[in-house]
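Residues per chain are reported as follows:
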Amino acid sequence: MTSTPVVSETSPLLPSHENKRGSYSPGSSRQISNSYRCYTPADLQTPFTLCLEGVSYSVKEDRGPWWKNTLLGVRRTKEILKDVRLIARSGQLTAILGNSGSGKTSLLDVICNRMGSNGKLQGLVWGTPGLIESAGYVIQADRLMDNLTVKETLTYTAKLKFVGKSSKNLKERVEAVISEMGLRPVRNTRIGGMVERGISGGEKRRVTIAIQLLQNPQMLLLDEPTTGLDSFTAHYLVQTLAELAQRNKIVLCTIHQPRSELYKTFDQVGIMSRGEMIYFGKATEMVPYFSRLGYPCPTFANPLDHYVDLSSIDTRSADKEKESDERVNYLRANLLQSPHYISMLGEITEAMEADDHGGERVCVSWMWNSNNMLRFFVSLFILVRRSLVNLYRNRSAFFLRIFTQSVFAGMICLFLGKLQHNQQSIQDRIGLLYQTVAVPPFSAMLHTIEEFPSLRDLYYRESRDGLYVLPAFLLSFCLYTLPFSILSSILYSTLTYWVCGLQPDPKLYAMHAATVFFLHYSGEIMTVILLGMMQNPRVASSIVALILTISGLIAPGFLRTVSSMPEIIQWLSWASPYKYAGEIFVANEFNNLTLHCGSDPVLCLRNGSLYITLFYPGALDHMTRNFAALGGFIFGFIVIAMVIFKIFGIKQLH
Ligand SMILES: Nc1ncnc2c1ncn2[C@@H]1O[C@H](COP(=O)(O)OP(=O)(O)OP(=O)(O)O)[C@@H](O)[C@H]1O
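- Per an unreviewed UniProt entry, the chain is named ATP-binding cassette sub-family G member 5-like, and its organism is Lingula anatina.
- Quoted verbatim from the Sequence similarities (unreviewed entry) field of UniProt, the annotation for the chain is "Belongs to the ABC transporter superfamily. ABCG family. Eye pigment precursor importer (TC 3.A.1.204) subfamily."

Encoded structure:
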């Protein structure tokens, strides 16, 4: 097996997990070389082979109450895969079956090097050079953008995947994949979501598979591709997978409750229990094999279902568990001694000995072979455009993004009316400014909570597929929300400022609107930070709401003068954008504001500047500092978001 190296180093923009990819597992007895070799698809030789030799995978799991885990470090090791051996060759469709929790998904994760960081892998995952690195992995859930059509979904993915390729080539590839997956009739139909119906569940699965086929992988791994589909659609999908395999690909899928006819569609079947293989071999030999062991398949029973049940551990009672445990041990022991399994072990050894790459790590060059800077900016542009198109198609969300703040503003205007210049109007002004500090970040949070989680989950999948890197994703979200933030802030400010009658000076108005924008935008990014830490949007929104409410209470000084607050709270207020925004609003509005005294000339504030002197001393001199601080907060929040996503990593999605 020879191949031509094309690029000798991986890209610095490559996500860290990409750099770790290699044909050899950490526990491998073969030596792992530090150098990378890169291949173009043309270098990937046929036939392709995937071998697993003695693969065991375990994770550290928390045990007992959290405080014990945290303080005493009590963790137990959980074995997920035990001594798994298998071989799959191009042209074969292999199905991995097993009851829930038997380790099917973990097996695919291990093959594709997508295990979590708390896992320990032993044994060897070996593939023809470039095979594993270029593999397509179809996860259980369809993470797609609801409002894009099938063709648009594939076109955007192709653009992200093949930066620098001509649009004619991309179009051809997209059309080819659409035809391959039988999506022609729905190519211009929207994907659809919970509210607006689009293509069917089976078609969504096909789109998810089509995405992986864009790069024409030689190996396709699918985690339960038929889950949630009716039996006809599931059958049709598995037939498609068999056709894909016939095009010289390795297709390996885990599957739940397949129809009995599918039994003949699979070339190989693996049945797992407790992380061990109970059967691995040709599908057609499965029934005779189990029959020889004394477990014939009853007439009219689905052999796949029957033998999965047979190899499952029944935990309903201690007796049943013991009995099923003994049966599974018996089946496992027999598999290890069976002639077809022993001959497969020989094939594994033979396939790996034919490898002349000596354990070097490989990468596939076409994923990252274009100029990195160019790739970064092109992916940024595509991501922004894709998000905008997706949002624009959802008219209600699109208009809400622009006008929600204006509705708030309208309510405030209705409530306050035109502000007077009497003594009571001081209170009215402070009330208006308090709302102006509180509303923008809150309304930004509402939109981000609605839109960001699905984009984030898409990022988790697409970055694992090597489409783009974290900075491109986060910056694309910042750029995508920027025009909405600007527009809705201008609308909000214009309404409240001119209808309520704040100081009629265009320069002061511009400063007021800019401050509203800074607050709105910082609310967006603060929510992104929380959504990077927490998967559950409800928890994230509660925490953001709490932070915003507390900040609104203590930082701008509208409810209680800052100087009269306990010192610790005064210090805390420095960490909130509200403090700086509050000062700008007050300085803007109260400076040289003429106020009438009415009937009581003694208890009277004739000039707003006095209000500033009393309650916001120095606010007029701090204007530049305050604007710089607001800009700094936005920059800081973006940096924190990057760090948070780095720390919390790319979630494993199934
Ligand atoms: N990172 C992890 N930490 C702790 N336990 C894990 C981890 N990954 C997998 N497991 C456990 O390993 C076992 C096998 O999980 P896996 O998802 O591979 O099963 P499965 O056969 O795909 O199940 P299903 O058919 O329900 O999806 C389960 O008990 C699961 O809880």
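## Let's talk about the overall build of the chain
Inference 1: Each helix and strand in the chain was counted, giving 21 helices and 11 strands.
Inference 2: The proportion of buried residues among the 654 residues of the chain is 55%.
Inference 3: Sequence separation of 24 or more characterises 77% of the internal contacts of the chain that already satisfy a separation of 6 or more.
Inference 4: When the accessible surface of the chain is summed, it comes to about 28,700 Å², and 59% of that surface belongs to carbon and sulfur atoms.

## Some words on a nonpolar patch on the surface
Inference 1: Where nonpolar side chains cluster on the molecular surface, the patch consists of Met-533, Phe-635, Val-639, Val-643, Ile-647 and Phe-648 and spans about 550 Å² of accessible area.
Inference 2: For the nonpolar patch, the element with the most residues is helix α21 (residues 623-648), which contributes five residues.
Inference 3: Note that Val-639 resides in helix α21.
Inference 4: Judged by relative accessible area, which is 37%, Val-639 ranks as partly exposed.

## Describing the UniProt feature "transmembrane region" (unreviewed entry) in the chain
Inference 1: Summarizing the sequence annotation, UniProt attributes the feature "transmembrane region" (unreviewed entry) to residues 398-417, 466-492, 512-532, 539-559 and 627-648 in the numbering used throughout.
Inference 2: Measuring from the first to the last C-alpha atom of residues 512-532 gives 31 Å, for a span that is 100% helix and 0% strand.
Inference 3: Here residues 627-648 is 100% helix and 0% strand, with 31 Å between the C-alpha atoms at its ends.

## Here we look at the nonpolar core
Inference 1: Ranked by size, the top nonpolar core spans 97 residues in total, and within it Leu-50, Leu-107, Ile-209 and Phe-266 carry the most contacts.
Inference 2: Not counting residues within four places of it along the chain, the set of residues in contact with Phe-266 comprises Leu-93, Ala-95, Val-238, Ile-255, Pro-258, Ala-283 and Leu-304.
Inference 3: Judged by nonpolar contacts, the second largest core, of 93 residues, contains Tyr-480, Val-516, Leu-595 and Phe-627.

## Comments concerning the packing of helix α12 (residues 372-393) against helix α13 (residues 395-416)
The geometry of a pair of packed helices is captured by two quantities: the angle between their axes and the separation between those axes.
Inference 1: At a closest axis distance of 5 Å, the pairing of α12 and α13 adopts a crossing angle of 105 degrees. The angle between the axes of α12 and α13 places the two elements in the roughly perpendicular class. Across the interface between the two elements, Leu-391, Tyr-392 and Arg-393 from α12 touch Arg-395, Ala-397, Phe-398 and Arg-401 from α13.
Inference 2: Within the contact of α12 with α13, the residues separate by chemical class into four nonpolar, no polar and three charged.

## Describing the pairing of strand β10 (residues 276-282)
Inference 1: With six of seven residues buried, β10 is to be regarded as a mostly interior element.
Inference 2: Here strand β9 (residues 268-273) pairs with β10 via six bridges, running antiparallel. Each bridged residue has a counterpart across the sheet, and for Ile-271 the counterpart in β10 is Tyr-279.
Inference 3: Hairpin remark: β9 followed by β10, antiparallel, with two residues in the connecting loop; positive phi at Arg-274, about 50 degrees.

## Considerations on the sheet that holds strand β7 (residues 219-223)
Inference 1: If you trace the six strands from one edge of the open sheet to the other, you get β6-β7-β8-β4-β9-β10, paired in mixed fashion. Each end of this open sheet is capped by a strand with a single partner; those strands are β6 (136-138) and β10. Strand-to-strand, the axes of this sheet are offset by a mean angle of 15 degrees, without reference to chain direction.

## Observations concerning the packing of aromatic side chains
Aromatic rings considered in pairs are described by the distance between their centres and by the relative angle of their planes.
Inference 1: One pass over the full model with this rule turns up 34 aromatic pairs.
Inference 2: Residues Tyr-434 and Phe-558 carry aromatic rings whose centres are separated by 6.3 Å and whose planes lie at 75 degrees to one another, so their mutual orientation is edge-to-face. Of this pair, Tyr-434 sits in helix α14 (residues 424-464) while Phe-558 sits in the loop between α17 (537-554) and α18 (567-573), placing them 124 residues apart in sequence.
Inference 3: With centroids separated by 5.6 Å and ring planes inclined at 50 degrees, the aromatic side chains of Phe-517 and Phe-518 adopt a geometry described as tilted.
Inference 4: Sitting above the plane of the Trp-574 ring, Lys-579 keeps its charged end 4.6 Å from the centroid.

## Structural notes on the site of the ligand
Inference 1: Around the ligand there are 16 residues in total, and Ser-100, Gly-101, Lys-104, Thr-105 and Ser-106 lie nearest to it.
Inference 2: Separating an oxygen atom of the ligand from a side-chain N or O atom of Ser-100 is a distance of 2.5 Å.
Inference 3: Backbone polar atom of Ser-102 to an oxygen atom of the ligand: 3.1 Å apart, as the coordinates give it.
Inference 4: In isolation the ligand has 630 Å² of accessible area, and contact with the protein removes 69% of it.
Inference 5: At the level of secondary structure, the elements contributing two or more residues to the shell around the ligand comprise β2 (49-62), β3 (75-89) and α3 (104-111).

## Here we look at unusual backbone geometry
Inference 1: You will see that Arg-274, though not glycine, has its phi angle at about 50 degrees, which is positive.
Inference 2: With respect to the helices and strands, Arg-274 occurs in the loop between β9 and β10.
Inference 3: Among the residues examined, Arg-274 registers a relative accessible area of 23% and is labelled partly exposed.
Inference 4: Phi is positive for Asn-592, close to 60 degrees, though the residue is something other than glycine.
Inference 5: Note on Asn-592: relative accessible area 53%, which makes it exposed.

Each value, and the rule that gives it
- Residues numbered from 1 in each chain as written.
- Predicted model: local features only at pLDDT ≥ 70, side-chain atom pairs only at ≥ 80, totals over all residues.
- Heavy atoms only, no water.
- UniProt positions renumbered as here; feature names shortened; annotations may be inferred.
- Helix = DSSP H or I, 4+ residues; strand = E, 2+ residues; numbered from the N terminus.
- Buried < 20%, exposed > 50% of the residue type's maximum accessible area, 1.4 Å probe, protein only.
- Contact = heavy atoms within 4.5 Å.
- Areas by Shrake-Rupley, 256 points an atom, 1.4 Å probe, with all protein chains shown as cover.
- Patch = residues over 30% accessible without salt bridge, like charges linked within 9 Å, V, L, I, M, F, W, Y side chains within 5 Å.
- Salt bridge = Lys/Arg side-chain N within 4 Å of Asp/Glu carboxyl O.
- Core = buried A, V, L, I, M, F, W, Y, C linked by side-chain atoms within 4.5 Å.
- Axes fitted to C-alpha atoms, helices over the stretch in contact; angles between N-to-C directions.
- Parallel < 35°, antiparallel > 145°, perpendicular 65-115°, else oblique.
- Nonpolar A, V, L, I, M, F, W, Y, C, P; charged D, E, K, R; others polar.
- Pairing = 2+ DSSP bridges.
- Phe/Tyr/Trp six-rings, centres within 6.5 Å; stacked < 30°, edge-to-face > 60°.
- Lys NZ or Arg CZ within 6 Å of the ring centre and 35° of its normal.
- Near = heavy atom within 4 Å.
- Polar contact = N/O pair within 3.5 Å; in protein donor to acceptor, adjacent residues only side chain to side chain.

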